[in-house]
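# Chain and residue survey
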Amino acid sequence: MSAVITSSDEIAYMVYKAAMQEELIVPKDLSVVALGGEDYLDRLSPRVTTAKIDYSLMGKKAIEMLLDKLNGKPIENNRVVFDASIKIGRSCAPYRAEFER
């Protein structure tokens, strides 16, 4: 394994802890990206790269679609794309072709 994309900031923190226990160096041995973007991750060293997602907006849209479905309204498009902002940290190593299969 050369990289991990975590589903939350908390999991990224746990990946860092596990990497340290296994004597892995982020990003030399393991690249890490977190979905979320909480500010407390600024304390991780090296700073983790995050994709900040507006979970509140995502939840509102999900509830809106659910209510429409429950009220018998047709859902025109069940695919919703949300913007995300990337906060570049130092947790990702450059791409290395040797990991291709």
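Here we summarise the structure given alongside this text. (Residues numbered from 1 in each chain as written. Predicted model: local features only at pLDDT ≥ 70, side-chain atom pairs only at ≥ 80, totals over all residues. Heavy atoms only, no water.)

A few words now on a nonpolar patch on the surface. A grouping of Ile63, Leu66, Leu67 and Leu70 is seen on the molecular surface, where their side chains present a nonpolar patch of about 420 Å² in accessible area. Counting through the fold element by element, Leu70 comes out in helix H2 (residues 55-70). By relative accessible area, Leu70 is classed as exposed at 64%. (Patch = residues over 30% accessible without salt bridge, like charges linked within 9 Å, V, L, I, M, F, W, Y side chains within 5 Å. Areas by Shrake-Rupley, 256 points an atom, 1.4 Å probe, with all protein chains shown as cover. Salt bridge = Lys/Arg side-chain N within 4 Å of Asp/Glu carboxyl O. Helix = DSSP H or I, 4+ residues; strand = E, 2+ residues; numbered from the N terminus. Buried < 20%, exposed > 50% of the residue type's maximum accessible area, 1.4 Å probe, protein only.)

With that settled, consider the side chain of Ser31. Note that Ser31 resides in strand S2 (residues 31-36). Other than its neighbours up to four places away in sequence, Ser31 contacts Ser2, Ala3, Val4, Ser91, Cys92 and Ala93. (Contact = heavy atoms within 4.5 Å.)

Our focus in this paragraph is unusual backbone geometry. Each neighbour pair has its own omega, and for Val26 with Pro27 the value is 5°, a cis peptide bond. Of note, Pro27 is situated in the loop between helix H1 (9-21) and S2. Cis rather than trans, the peptide bond between Ser45 and Pro46 has omega equal to 0°. Looking at the secondary structure, you find Pro46 in the loop between S2 and strand S3 (49-53).

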